[in-house]
Amino acid sequence: MSQKKRILSGMRPTGPLHLGNLLGALANWVNMQDEYDCFFFIADWHALTSDYENTDPIKAYRKEIIIDWLSAGLTPEKSTLFVQSRVKEHAELFLILSMITPVPWLERNPTYKEQIGQLSSKDLSTFGFLGYPVLQAADIIMYKPYGVPVGVDQAPHVEITREIARRFNFFFGNVFPEPEVILTRTPKILGTDRRKMSKSYDNAIFLSDSPDTISTKVASMITDPQRARRSDPGNPEVCNVYDFHQLYTEPDTVAEIEQQCRSAGIGCVECKTKMAQQLISALEPIREKRTYYEQRPEVVEEIMVEGSNKASQTARQTMEDVRAAVKI
Ligand code: SF4
């Protein structure tokens with residue numbers, strides 16, 4: 001049995017992964033694989049909480065995300081990669097936890113309020129959407145992990161899981177350890193229009209984008225809005241392209257670009273072209289692996305079947321503990 005501490009995290013299959021997903025989560029997961037016993041899952045039931053009216057793309061997105069994961073460096077040799085809906089115990093634990101979770105805990109969830117406001121075009125007044133933190137708690141504590149890697153804005157999600165685990169233990173005995181928040185470093189990266197990178201804003205650079213698509217997207221990026229003419233000095237601090245340079249370009253060249261921008265020594269078109277080249281080569285290894293897995297869907301499927309079977313073994317053991325504790 002692995003002596004490493006266990007961690008767990010998941011992603012909803014609501015679209016192909018973009019640079020924000022890579023830098024905000026996936027790259028950290030890849031780096032954590034040697035230190036931790038990692039469980040990573042595709043949260044496909046969670047996609048239903050907000051997208052229940054159009055479930056057509058979920059399966060395709062699920063496959064795309066798995067390919068993105070493998071291409072970015074997650075590997076079944078080091079991590080358990082699985083699909084939530086293939087481990088039915090999640091639904092059973094969700095049901096039991098929903099019996100003990102007070103509704104006001106869910107109503108005060110900041111993401112719930114925020115999403116109801118932001119996604120006003122969807123009817124989110126459903127039991128499933130209100131209760132998604134309970135499903136999330138079931139997903140997490142099922143594997144009794146030491147911790148959950150999250151960015152700072154997601155820490156409240158883990159907090160409600162800890163509260164639900166504590167309440168279960170209070171009623172039924174000590175079954176679940178309370179998972180720790182493992183705060184991960186997430187570099188600043190915005191979409192091409194300088195809003196949060198998101199598929200729904202149509203401002204994302206996807207891991208699956210071709211070099212040509214990346215070049216076109218970079219060419220459309222917002223720069224310093226005060227720099228109207230080539231001869232105007234620019235301010236890299238307010239420029240999205242410069243933020244990307246800081247992530248993908250050698251520090252010496254970044255320093256040069258900063259100086260040249262401030263003195264109007266470089267134009268934005270040239271600056272963008274340089275950045276696009278850096279970004280394209282940084283993503284080249286991912287693109288190569290993508291091609292490999294796209295051509296071998298049976299390998300991808302086998303990885304997910306094996307991962308889901310492995311996760312099911314742990315989930316079955318947990319549910320034996322749960323049923324014994326609840327006496328049902
Ligand atoms: S030169 Fe580069 S850093 Fe300066 S404003 Fe233009 S794109 Fe941004």
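Residues numbered from 1 in each chain as written. Predicted model: local features only at pLDDT ≥ 70, side-chain atom pairs only at ≥ 80, totals over all residues. Heavy atoms only, no water.

## As for the overall build of the protein chain
To keep things clear, this is the line we draw: Only DSSP runs of H or I with at least four residues qualify as helices, and only runs of E with at least two residues qualify as strands; both kinds are numbered from the N terminus onward. The globule rule is 2.2 Å times the number of residues to the power 0.38, and the radius of gyration it is compared with is taken over C-alpha atoms. Burial classification: accessible surface area is computed with a 1.4 Å probe over protein chains only, and a residue below 20% of its type maximum counts as buried, one above 50% as exposed, and the rest as partly exposed. Contact criterion: two residues are considered in contact whenever any of their non-hydrogen atoms come within 4.5 Å of each other. The accessible surface values rely on the Shrake-Rupley method and a 1.4 Å probe; as for residues, cover is taken only from the protein chains in view. When charges are counted, Lys and Arg are positive and Asp and Glu negative, with His and the chain ends excluded. Where a charge sits is defined by one atom per residue type, namely NZ (Lys), CZ (Arg), CG (Asp) or CD (Glu).
Regarding its fold elements, the protein chain presents 14 helices and five strands. For a compact globule of 328 residues, the expected C-alpha radius of gyration is about 20 Å, and the protein chain comes in at 22 Å, within 12% of that figure. Projecting the C-alpha coordinates of the protein chain onto the three principal axes gives extents of approximately 75 × 40 × 35 Å. Taking all 328 residues of the protein chain together, the buried fraction comes to 50%. Of all intrachain contacts in the protein chain linking residues separated by at least 6 positions in sequence, the fraction that spans at least 24 positions is 78%. Just so you have it, the protein chain exposes about 16,300 Å², and 52% of that area is on carbon and sulfur atoms. Looking at charge distribution, the protein chain has the averaged site of its 38 positive side-chain charges lying 2 Å from that of its 43 negative ones.

## Quick notes on helix α10 (residues 211-219)
Here is the rule we go by: As used here, the arc belongs to the directions running from the helix axis to the C-beta atoms.
Among the residues making up α10, those that are buried are Ile214, Lys217 and Val218. When α10 is viewed along its axis, its buried side chains cluster within an angular range of 100° and face the same direction. Facing away from the buried surface of α10 by more than 90 degrees, the exposed residues are Asp212, Thr216 and Ala219. Lining the buried residues of α10 we find α13 (268-294).

## Observations concerning the environment of aspartate 56
Following the sequence through the fold, aspartate 56 ends up in the loop between α2 (44-51) and α3 (58-72). The exposed category is assigned to aspartate 56, whose relative accessible area is 69%. Taking C-alpha positions, aspartate 56 is 34 Å from leucine 183, a pair spaced 127 residues apart along the chain.

## Some thoughts on the packing of aromatic side chains
Heads up, the rule is: Two aromatic rings from Phe, Tyr or Trp, using only the six-membered ring of Trp, form a pair when their centres are within 6.5 Å; if the ring planes differ by under 30 degrees the pair is stacked, by over 60 it is edge-to-face, and anything between is tilted. Here, a charge over a ring means that NZ of Lys or CZ of Arg falls within 6 Å of the ring centre while also lying within 35 degrees of the ring normal.
Inspection of every chain in the model, using the stated rule, returns 13 aromatic pairs. Centre to centre, the rings of phenylalanine 82 and tyrosine 143 are 5.3 Å apart; their planes meet at 50°, and the pair counts as tilted. You can see phenylalanine 82 sitting in strand β3 (residues 79-83) and its partner tyrosine 143 sitting in the loop between α8 (132-141) and β4 (147-150), a full 61 residues away along the chain. Comparing phenylalanine 82 with tyrosine 143, the two get one shared label, buried. Aromatic rings pair up to connect Phe168, Phe170, Phe171, Phe172 and Phe176 into one cluster. One residue, arginine 195, lies across the ring of tyrosine 201, its end atom 4.0 Å from the ring centre.

## Overview of empty space enclosed by the protein
Here is the rule: Here the term cavity refers to a set of points on a 1 Å grid, laid over the protein atoms alone, in which a 1.4 Å probe fits but cannot get out; the term pocket refers to an open set having protein on both sides within 12 Å along at least five of seven lines, with lining residues being those that place an atom within 4 Å of a point. Grid points are joined across faces, edges and corners, and a volume is the space filled by probe spheres set on the points.
Overall, the coordinates contain one cavity of 30 Å³ or more when judged by the stated rule. Each pocket or cavity is described by its volume, and for the largest cavity that value is around 130 Å³. If you trace the largest cavity, you find 15 residues lining it, with Arg227, Cys239, Cys261, Cys268 and Cys271 closest to the centre. Those elements giving two or more residues to the lining of the largest cavity turn out to be α11 (240-248), α12 (251-262) and α13.

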